[in-house]
Amino acid sequence: MNARAIRIIGIDPGLRHVGWGLIEVEGSRLAYVACGSIATNSGLSLAERLAQIHRALTALIEERRPDEAAVEETFVNRDPQSALKLGQARGVALASLALTGLPVAEYAANLIKKTVVGVGHAEKRQVAMMVRMLLPASTASTSDAADALAVAICHAQHRAARARGAA
């Protein structure tokens, strides 16, 4: 892709695993760049695990140099303790991205699924299958990485719609 391509990093936040996916967008063309997952050490304190996420995301941004970032919004579940920990991990991810100077967009899980699959309540395997169809070179081997690529795809679609609306 040429210099006009926009590099977008999608983040699927979590305390145990933070999925990330990097794509390039030029017009309506999407191209896979890389993806992976940041794993935290469950034997560490919550503060140390959050610091692990911050350091890993900062290093990833410095190495991969995305132009924009998108993060999945927190899905509130029945366990308030789990929701709180997820929210803290998500907050660290948002702050880490913002501290590197990236513009950060946030998207609800249902919007991501609807954008990528066409159905707001799609299953994880359906999302992963559509990610593989939209990004054939994708090597996402975990659901966290596939979900992060879906977040990046969602941002690519919605940023293009916003740009058309602003023109």
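Refer to the structure printed above.
Notes on the structure follow. Treat the numbers as computed from the prediction; the structure is a model and nothing was measured. (Residues numbered from 1 in each chain as written. Predicted model: local features only at pLDDT ≥ 70, side-chain atom pairs only at ≥ 80, totals over all residues. Heavy atoms only, no water.)

## Description of the overall build of the protein
Now for step 1: Tallying secondary structure elements over the protein gives five helices and five strands in all.
Now for step 2: For the protein, the α and β elements follow one another from N to C terminus as β-β-β-α-β-α-β-α-α-α.
Now for step 3: Over its C-alpha atoms the protein spans a radius of gyration of 15 Å, differing by no more than 12% from the 15 Å that the globule rule assigns to 167 residues.
Now for step 4: Considered along the principal axes of its C-alpha atoms, the protein spans approximately 45 × 35 × 30 Å.
Now for step 5: Within the protein, buried positions represent 44% of all 167 residues.
Now for step 6: For the protein, the distance from the average site of its 19 positive side-chain charges to the average site of its 15 negative ones is 4 Å. (Helix = DSSP H or I, 4+ residues; strand = E, 2+ residues; numbered from the N terminus. Rg over C-alpha atoms; globule rule 2.2 N^0.38 Å. Buried < 20%, exposed > 50% of the residue type's maximum accessible area, 1.4 Å probe, protein only. Lys, Arg positive; Asp, Glu negative; His and termini not counted. Charge placed at Lys NZ, Arg CZ, Asp CG, Glu CD.)

## A short note on unusual backbone geometry
Now for step 1: Its identity is not glycine, yet R65 carries a phi of approximately 50 degrees, on the positive side.
Now for step 2: With respect to the element layout, R65 can be found in the loop between α1 (46–64) and β4 (68–72).
Now for step 3: Exposure remark for R65: the relative accessible area of 58% places this residue in the exposed category.

## Notes on the nonpolar core
Most often, soluble globular proteins have nonpolar side chains that are buried together.
Now for step 1: I23, L30, V131, L135, L149 and I153 are the most contacted members of the largest nonpolar core, which has 24 residues in total.
Now for step 2: When residues of this core are traced back to their parent elements, those giving at least two are β2 (17–26), β3 (29–39), β5 (104–107), α3 (109–116), α4 (124–134) and α5 (143–166).
Now for step 3: Counting residues per element, this core draws most heavily on α5, at eight residues.
Now for step 4: Residues in contact with L135, not counting those within four places in the same chain, are I23, L30, A31, Y32, L149 and I153.
Now for step 5: Residues I9, V18, L22 and L97 belong to the second largest nonpolar core, which totals 21 residues. (Core = buried A, V, L, I, M, F, W, Y, C linked by side-chain atoms within 4.5 Å. Contact = heavy atoms within 4.5 Å.)

## Observations concerning α1
Now for step 1: Between its first and last C-alpha, α1 extends 27 Å over 19 residues, near the 27 Å set by a 1.5 Å rise per residue.
Now for step 2: For α1, every residue scored as buried is listed here: R49, L50, I53, L57, T58, L60 and I61.
Now for step 3: Next to the buried residues of α1 lie β1 (6–12), β2, β3 and α2 (80–99).
Now for step 4: At the C-terminal side of α1, R65 shows a positive phi close to 50 degrees. (Expected span 1.5 Å × (residues − 1).)

## Focus: the environment of R4
Now for step 1: Its place among the elements puts R4 in the segment before β1.
Now for step 2: Taking the relative accessible area as the measure of exposure, R4 reaches 62% and is therefore exposed.
Now for step 3: Taking the C-alpha atoms as reference points, R4 and G21, separated by 17 residues in sequence, lie 20 Å from one another.
Now for step 4: Setting aside residues no more than four positions away along its own chain, R4 makes contact with V25 and E26.

## Overview of the pattern of salt bridges
Now for step 1: The tally for this structure, following the rule as stated, stands at seven salt bridges.
Now for step 2: Across the pair R125 and E123 runs a salt bridge, and its minimum N-O distance is 3.3 Å.
Now for step 3: Among the salt bridges present, the one from K124 reaches D147, with a minimum N-O distance of 2.3 Å. Placement of the pair is K124 in helix α4 and D147 in helix α5, with a sequence separation of 23 residues.
Now for step 4: Residue K124 is classed as partly exposed on the basis of its relative accessible area of 47%. (Salt bridge = Lys/Arg side-chain N within 4 Å of Asp/Glu carboxyl O.)

## What about α3?
Now for step 1: Taken residue by residue, α3 has A109, I112 and V116 as its buried positions. Buried residues of α3 fall within an arc of 60 degrees about the axis and therefore sit on the same side. (Arc of directions from axis to C-beta.)

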